Amino acid sequence: MPNEIPYKSFCWALGTTSFRTKDFNKTIEEQLALLNEFWELPENQNANWSGDNDTQTRYYDFMKEKEFVVGSANNKPKDAREKTSGLVDIGIIDGNRKLTEAGTKLLEISLSNDFTTDNFFQIPRDSFLYLRQLLKTYNNVDGTVVRPFIVLLYVLSKVGYLSSEEFTYLLPLCTSDEYTEQIIDGIRANRNHSVSVDDIIINRLLEMDNYQAALDKFLSNTVTENLICEVGLNRKSRNYDKPYLRLYNELYSVFIENDSSRLPFVYSATKRINIGKWWRKYLFNTASERAIGRNPVVCLKQTAFSDVSNEHQFKKAFFKIMHLFKAKATLSDYLDLNRRYIRTTDIVLFEDGTVKLDILPKHFFNSVADELYAYAYIPCEILFEDSSLEEIADCLVINEETVIDGVNAELGINVTNIDEARNALEDERYRRLQHLIDTKFSDENIITLLGYFEDRNDTEIKNMVTENADIPTIFEYVLGIFWYKISERQGKILDYMKLSLDADLLPKTHAAGGEADIVYEYQETEYYPAHSLLIEATLADSTNQRRMEMEPVSRHLGRHLLRTGNLNSYCVFATTYLDINVIADFRGRKNMPFYDTQDYNRSVDGMKIIPLQTSEIKRIVNDDKKYCELYQIFKVAYDSELPPHNWYEESIVQKV
């Protein structure tokens, strides 16, 4: 049977599902560097990308040579296209995979490792560029243009925040002015408990003429395999919908013919469907097939099928549920992608199951939301350019007074200038940090994470913290949080950690890398003098640890001592495994001078470096030891004359 009813897109998505990658910022930056290098090779300077499988194959091989991809793709040109297409969408490379003006600027930021926050929003330079690019980024949804990020800003200005469910299933359905207003009304109605999210999705789909035509055809014809495949409106191959016929027949037996003995066969039929888990969760109150076999009626939930009394009602319910689950599966698939791209801006918070703007951008964009929304459904002609906010839209002119008024109203303060507002926002940032630590980095969770670092269970580490940072960066971050806690949450830890953090205060990794340490500043107390503590972290072990860490650690500390002149400062070297020769080297630094290489008259006579294994850090957490106690333990350990092979066990392990 020919497909008389066309598939039509019903939602937008940022990027493409083929560019779903961990360490998102780092991967984008590495990809830009690779493309830049690839096109500079003599054999590629006159090559074209579009329609040229040879060039695309060479780029895949180039990525593999540079260890950007692993394995071997069955279709190298396709894989090369997929690895780069998302960057075309946001305008940092063009269709020919050459860096655009915006992409060149992003690469420049990455290579210079300059992520300063020199803009009104106080976000890193790369994040500010991503913000400008996403304001310009547009989708073509079945012939209609939509700029997803502008739609997000507009919707947030009207409803304040989005729940995770609203962000996942409703926001991407805003593909036109008419649909956006319907979704906003639907969100408000849902919050008043007068309509469900599922109803909003179904109603939105049935607004489209192809879904309505499919429903009409389904209701007026005998259900066959061909009909199921026709009205299933599968985007790729309609043959994928063939298993729905068996599910339809089994459900028909149960709800129209009242044969509950067929319920185990309903469960079995869902297993043949790619998204069968949605059906099983909807229909049954248990995942146990054996329980369903023993007592099927008890395991059946109340559903849309429960109240049907004739074939017409049954068919209508089946059609709606089938397309509801298809839509929700698609939207769920896009969730991670949309979230990754939106997070690059560092102005959107994803915390406690809600999505909202950070305070400063919130009040700026709320003040211009209606004017900016005028651009939401038109393409952007300057997508590839490194544009200013004003060049993107005339209304994007910073009005500090309006923003200050909004900040005052939200925080209940009375500041008069933007610097005072930023100080208040910094206090708010630390309030969010306390909440993050309490909910995500409890003592129990830190001990669990340290165990995962020891076992190199990278998957669980990323699940617990973030997928936008590599494991060494996350290790540094967790150590920073741990040290802040044992320092009784005193000091500016967000400044002390030499890491890039996203809007949710979680770490992110850049291609260029950054300083590999934490510099904690302590004021004088009755327990210790004023000093700096450098915390160096590594996951390297054995030979790699000796090669990679002995010289950099002492160099970092030596330079710090020379620069500050405070000889009370010292270093803690944290790792999952301590090599005996690393311990010996660090103990030897106690009696070894460190010179200024530019002026031999400047030197320090010795350095205090305390190695600390994660096994001891876990005991510190368990015993609730504070830094004032550790300082004394480290002081006594430093003064010890024990030989290195006894020193760590007797001076650190036993004392901690």
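Everything discussed here concerns the structure shown above.
Residues numbered from 1 in each chain as written. Predicted model: local features only at pLDDT ≥ 70, side-chain atom pairs only at ≥ 80, totals over all residues. Heavy atoms only, no water.

Undergrad: What is the right way to look at the overall build of the protein in this model?
TA: Across its full length, the protein carries 29 helices and 13 strands. In terms of its C-alpha atoms, the protein occupies a principal-axis envelope of roughly 95 × 65 × 60 Å. Across the 656 residues of the protein, 55% fall into the buried class. The contacts in the protein between residues at least 6 apart in sequence include a share of 67% that link residues at least 24 apart. Of the accessible surface of the protein, which amounts to about 28800 Å², a share of 44% is contributed by carbon and sulfur atoms. Charge-centre separation for the protein: the mean point of 75 positive side chains lies 6 Å from the mean point of 101 negative side chains. (Helix = DSSP H or I, 4+ residues; strand = E, 2+ residues; numbered from the N terminus. Buried < 20%, exposed > 50% of the residue type's maximum accessible area, 1.4 Å probe, protein only. Contact = heavy atoms within 4.5 Å. Areas by Shrake-Rupley, 256 points an atom, 1.4 Å probe, with all protein chains shown as cover. Lys, Arg positive; Asp, Glu negative; His and termini not counted. Charge placed at Lys NZ, Arg CZ, Asp CG, Glu CD.)

Undergrad: Is there a simple way to think about the sheet that holds strand S4 (residues 348-351) in this case?
TA: Strand pairing in a sheet relies on backbone hydrogen bonds, with the paired strands running either antiparallel or parallel. Across the sheet, three strands lie side by side as S3-S5-S4; this open sheet has antiparallel pairing. Unpaired on one side and paired on the other, strand S3 (162-163) and S4 mark the two borders of the sheet. Two strands pair when backbone bridges link them, and S4 and strand S5 (residues 354-357) are joined in this way by four bridges, in the antiparallel orientation. Each bridged residue has a counterpart across the sheet, and for Leu-349 the counterpart in S5 is Lys-356. (Pairing = 2+ DSSP bridges.)

Undergrad: Where do I start with a positive patch on the surface in this structure?
TA: Together, Lys-78, Arg-81, Arg-235 and Lys-236 give the surface a local cluster of positive charge. Considering the arrangement of structural elements, one finds Arg-235 in the loop between helix H11 (225-231) and helix H12 (244-255). (Patch = residues over 30% accessible without salt bridge, like charges linked within 9 Å, V, L, I, M, F, W, Y side chains within 5 Å. Salt bridge = Lys/Arg side-chain N within 4 Å of Asp/Glu carboxyl O.)

Undergrad: Explanation requested: the pattern of salt bridges in the structure shown.
TA: Where charged atoms from two side chains of opposite charge come close, those side chains can pair. Enumeration over the complete set of coordinates arrives at 39 salt bridges. Measuring nitrogen to oxygen at the nearest pair gives 2.8 Å for the salt bridge that ties Glu-428 to Arg-431. Pair noted here: Glu-428 and Arg-431 are both in helix H20 (residues 418-440), with a separation of three residues, about one helical turn. Using a relative accessible area of 17% as the deciding quantity, one classes Glu-428 as buried.

Undergrad: I would appreciate a short explanation of the packing of aromatic side chains in the present structure.
TA: Any pair of aromatic rings gets described here by the distance separating the centres and the angle formed by the planes. On inspection of all chains with the given rule, the structure shows 47 aromatic pairs. Between Trp-279 and Phe-305, the aromatic rings sit 6.5 Å apart at their centres with planes inclined by 25°, giving stacked as the arrangement. Taken together, the positions of Trp-279 in helix H14 (residues 276-283) and Phe-305 in the loop between helix H15 (289-294) and helix H16 (311-343) put the pair 26 residues apart, joining distant regions of the chain. Between the aromatic rings of Tyr-520 and Tyr-522, the centroid separation amounts to 4.8 Å while the plane-to-plane angle is 15°, which identifies the pairing as stacked. Judged by relative accessible area, Tyr-520 falls into the buried class, the value being 0%. Of the aromatic side chains, those joined through ring pairs into one cluster are Phe-218, Tyr-248, Tyr-252, Phe-255, Trp-278, Trp-279, Tyr-282, Phe-305, Phe-314, Phe-318, Phe-319 and Phe-325. If you follow Arg-191 out to its NZ or CZ, it ends over the ring of Tyr-161, 3.9 Å from the centre. In this structure, Lys-608 is placed above the aromatic ring of Tyr-570, and the distance from its NZ or CZ to the ring centre is 4.1 Å. (Phe/Tyr/Trp six-rings, centres within 6.5 Å; stacked < 30°, edge-to-face > 60°. Lys NZ or Arg CZ within 6 Å of the ring centre and 35° of its normal.)

Undergrad: How should I be thinking about the environment of Asn-295 in this particular structure?
TA: For Asn-295, the position within the fold is in the loop between H15 and H16. Between the C-alpha atom of Asn-295 and that of Glu-616, which follows or precedes it by 321 residues, the distance is 53 Å.

Undergrad: What should I look at first to understand the nonpolar core in this one?
TA: Membership of the largest hydrophobic core comes to 145 residues, with the highest contact counts inside it found for Leu-135, Trp-279, Phe-305, Phe-318, Phe-365 and Leu-396. With 16 residues, the top contributor of residues to this core is H16. Residues in contact with Phe-305, not counting those within four places in the same chain, are Leu-251, Phe-255, Trp-279, Tyr-282, Leu-283, Phe-314, Ala-317, Phe-318 and Ile-321. In this structure, Ile-481, Tyr-484, Tyr-496 and Leu-578 belong to the second largest nonpolar core, which totals 77 residues. (Core = buried A, V, L, I, M, F, W, Y, C linked by side-chain atoms within 4.5 Å.)

Undergrad: Looking at this structure, how should I read the sheet that holds strand S13 (residues 609-613)?
TA: Across the sheet, which stays open at both edges, the four strands sit in the order S8-S9-S10-S13 with mixed pairing between neighbours. The strands lining the two open edges of the sheet, one partner per strand, are strand S8 (517-522) and S13. Between one strand and the next, the sheet's axes are offset by a mean angle of 20°, whatever the strand orientation. This element, helix H28 (residues 627-639), spans S8, strand S9 (531-538), strand S10 (570-575) and S13 of the sheet and lies at about 100° to S10. (Axes fitted to C-alpha atoms, helices over the stretch in contact; angles between N-to-C directions.)

Undergrad: What am I meant to see in the pairing of S4 here?
TA: Taken residue by residue, a regular strand's side chains alternate between the two faces of the sheet. Judged by which residues are buried, S4 turns out to be covered on both faces: Val-348 and Phe-350 on one side and Leu-349 and Glu-351 on the other are all buried. Joining the antiparallel neighbours S4 and S5 is a turn of two residues, in which Asp-352 adopts a positive phi near 55°.

Undergrad: Help me out: how do you make sense of the packing of helix H19 (residues 400-411) against H20 in this one?
TA: Each pair of packed helices gets described by two things: the angle between the helix axes and the distance between those axes. Interhelical geometry of H19 versus H20 gives an angle of 35° and a closest axis separation of 10 Å. The crossing of H19 and H20 is left-handed. Residues Glu-400, Ile-404, Val-407 and Leu-411 of H19 form the contact with H20, whose own contacting residues are Ile-418, Ala-421, Ala-424, Leu-425 and Glu-428. For the contact of H19 with H20, the per-class residue count stands at seven nonpolar, no polar and two charged. (Left-handed = near helix turned anticlockwise from the far one by under 90°. Nonpolar A, V, L, I, M, F, W, Y, C, P; charged D, E, K, R; others polar.)

Undergrad: It is not clear to me how the side chain of Asp-579 should be interpreted in this structure. Could you clarify?
TA: Note that Asp-579 resides in the loop between S10 and helix H26 (580-588). Only 2.8 Å separates the side chain of Asp-579 from the backbone nitrogen of Asn-581, close enough to count as a polar contact. (Polar contact = N/O pair within 3.5 Å; in protein donor to acceptor, adjacent residues only side chain to side chain.)

Undergrad: Just to check I follow, could you spell out helix H29 (residues 644-653) for this structure?
TA: Every α-helical turn comprises 3.6 residues, leaving residues that sit three or four positions apart pointing alike. For H29, the full list of buried residues reads Trp-647, Tyr-648, Ser-651, Ile-652 and Val-653. Looking down the long axis of H29, one finds its buried residues gathered within 160° of arc, a one-sided arrangement. Lining the buried residues of H29 we find H26, S13, helix H27 (614-622) and H28. (Arc of directions from axis to C-beta.)

Undergrad: Honestly, helix H3 (residues 76-89) in this entry has me stumped. Any pointers?
TA: If you check H3, its first and last C-alpha atoms are 21 Å apart, about what 14 residues at 1.5 Å a residue would give, namely 20 Å. The axis of H3 is deflected most strongly, by about 30°, at Lys-83. Where H3 is concerned, the buried positions are Pro-77, Asp-79, Ala-80, Thr-84, Ser-85, Gly-86, Leu-87 and Val-88. If you follow the buried residues of H3, they end up packed against helix H1 (24-40), helix H2 (53-65) and H16. At the N-terminal end of H3, a side-chain oxygen is found 3.2 Å from the backbone nitrogen of Lys-78, two or three residues along, and the residue is Asn-75. At the C-terminal side of H3, Gly-91 shows a positive phi close to 80°. (Expected span 1.5 Å × (residues − 1). Bend = angle between axes of the 7 residues up to and from the residue.)

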